[in-house]
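Read off the chains here:
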Amino acid sequence: MLRKYKPFLKAGAMNAFAYKSAIFTWLFISILQILCVVFLWVAVYQNSPDGMDSIINGFTFKEMIVYTVFVNIFGFATLGGDTLFIINEDIKKGTIDLAFTKPISYRLRLLSENLGNLFAVNLMIGIPGFIIAFIVFASIGFISFTPVSLLISIALFILAQVIANLLNDTISYICGVLCFYTSSGWGINQAKEVIVSFLCGRLLPLAFFPGIFGTIIGYLPFAGISYYPVLILIGKVDVLKSIHYVGFSLCWLILLNIFAKLLFNHASKKITVQGG
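Computed from a predicted structure; not experimentally measured. (Residues numbered from 1 in each chain as written. Predicted model: local features only at pLDDT ≥ 70, side-chain atom pairs only at ≥ 80, totals over all residues. Heavy atoms only, no water.)

Student: Can you explain the overall build of the protein? Please cite residues and give values.
Tutor: When helices and strands are tallied, the protein shows 12 helices and 0 strands. A compact globule built from 276 residues would reach a C-alpha radius of gyration of about 19 Å, and the protein, at 20 Å, matches this within 12%. Across its three principal directions, the C-alpha atoms of the protein cover 65 × 40 × 35 Å. The proportion of buried residues among the 276 residues of the protein is 48%. By sequence separation, contacts in the protein at least 24 residues apart represent 78% of the contacts at least 6 residues apart. (Helix = DSSP H or I, 4+ residues; strand = E, 2+ residues; numbered from the N terminus. Rg over C-alpha atoms; globule rule 2.2 N^0.38 Å. Buried < 20%, exposed > 50% of the residue type's maximum accessible area, 1.4 Å probe, protein only. Contact = heavy atoms within 4.5 Å.)

Student: Any details on the side chain of Thr68? Residues and values, ideally.
Tutor: Tracing the backbone shows Thr68 in helix α3 (residues 61-78). Excluding anything up to four places from it in sequence, Thr68 contacts Val37, Val38 and Trp41.

Student: Explain the packing of helix α7 (residues 147-177) against helix α12 (residues 239-267) to me, using residue names and the numbers behind them.
Tutor: In contact at an axis separation of 9 Å, α7 and α12 are set at 20 degrees when each is read in the N-to-C sense. Considering their axes alone, α7 and α12 lie roughly parallel with respect to each other. Here the hand of the crossing between α7 and α12 comes out left-handed. For the contact of α7 with α12, the class distribution of residues is 23 nonpolar, 4 polar and no charged. (Axes fitted to C-alpha atoms, helices over the stretch in contact; angles between N-to-C directions. Parallel < 35°, antiparallel > 145°, perpendicular 65-115°, else oblique. Left-handed = near helix turned anticlockwise from the far one by under 90°. Nonpolar A, V, L, I, M, F, W, Y, C, P; charged D, E, K, R; others polar.)

Student: Before we move on, can you summarise the packing of α3 against α7 with the specific residues and values?
Tutor: The description of two helices packed together rests on the angle between their axes and the distance between the axes. Axis separation between α3 and α7 bottoms out at 10 Å; the angle between their running directions is 50 degrees. Classified by the interaxial angle, the pair formed by α3 and α7 is oblique. Crossing angle aside, the handedness with which α3 passes α7 is right-handed. Where α3 abuts α7, its residues Phe74, Ala77 and Thr78 lie against Phe157, Gln161, Ala164, Asn165 and Asn168. Classifying every residue of the contact of α3 with α7 gives 4 nonpolar, 4 polar and no charged.

Student: Requested: an account of the packing of aromatic side chains, with residues and values cited.
Tutor: In total, this model carries 23 aromatic pairs according to the counting rule given. Between Tyr227 and Tyr228, the aromatic rings sit 5.8 Å apart at their centres with planes inclined by 45 degrees, giving tilted as the arrangement. Accessibility classification places Tyr227 together with Tyr228 in one group, the buried group. Residue placement shows Arg107 over the ring face of Tyr173; its charged tip is 4.6 Å from the ring centre. Taking the ring centre of Phe59 as reference, the NZ or CZ of Lys236 above it sits at 4.8 Å. (Phe/Tyr/Trp six-rings, centres within 6.5 Å; stacked < 30°, edge-to-face > 60°. Lys NZ or Arg CZ within 6 Å of the ring centre and 35° of its normal.)

Student: Let's hear about the nonpolar core: which residues, and what values?
Tutor: Soluble globular proteins: nonpolar side chains tend toward being buried together. Formed by 70 residues in total, the largest nonpolar core has its most connected members in Phe59, Tyr67, Phe70, Phe137, Phe180 and Ile232. With 11 residues, α7 is the single largest residue contributor to this core. Residues in contact with Phe70, not counting those within four places in the same chain, are Phe130, Ala133, Phe134, Phe137, Val230, Leu233 and Ile234. Judged by nonpolar contacts, the second largest core, of 8 residues, contains Ala13, Phe76, Met124 and Ile125. (Core = buried A, V, L, I, M, F, W, Y, C linked by side-chain atoms within 4.5 Å.)

Student: Describe in detail the pattern of salt bridges, supporting the description with residues and values.
Tutor: By the definition in use, this model includes 4 salt bridges. When the shortest N-O distance is used, the salt bridge between Arg107 and Asp169 registers 2.6 Å. Of the two residues, Arg107 is situated in helix α6 (residues 106-139) and Asp169 in helix α7; the sequence distance between them amounts to 62 residues. A salt bridge links Arg109 to Glu113; its shortest N-O distance comes to 3.3 Å. Here Arg109 and its partner Glu113 are both found in helix α6, 4 residues apart, which amounts to about one turn of the helix. (Salt bridge = Lys/Arg side-chain N within 4 Å of Asp/Glu carboxyl O.)

This is the structure we're talking about:
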């Protein structure tokens, strides 16, 4: 069965390699964004009561800088994918009917393309970015690991990243299916980008959200897309907590895929073909 989707996996990877100039352009923009956020946190800690020794919502200055860099690298290597746009284009062009006639799963086809794309992006940017950041932060004393704790953190992080990729793709797929009802994906994508970026911890660690609001966000699936994997990677949480985060994200992944299946079954009855 997996042999059916291997060409789509390769196509997704080849698409990323074919447009690597666009990827490196976005990387340059992302680096500028990281620098801006780092300078912002420098100003925040400098103007805190204890200066650079302040601990704000459980984060020291060093931890905040490490978190900021890693969460942006992670977001760049994880939050991509064109699942929503592919579904929207299929609806507009009228090629969505192939999803019901081809002897393959439409969902798995889109997932294969997205995973291939993300694999290529991680190969070009993600893995080198993590390695360089680790070396730099370790050399200036911002992070420290024992060999055993480093191996455990990396192993749990890889598992958390795989689940994060699947979670993000599932959310994109659900938003894409909503295009069956709206016949347009632009507004849905804009809303998704804002909500996911805000609630996944990429803009601000979830520990900074106040009271009950922060607690509620911690129970949503978005935390597993960036916040929890990065906390695992930088050693901010212990092994038991890391395993809890991975299991929590896995449960959400299963629930969201069940919901996505039910939503697609309902939306397919409402399909309106615009093209031909």
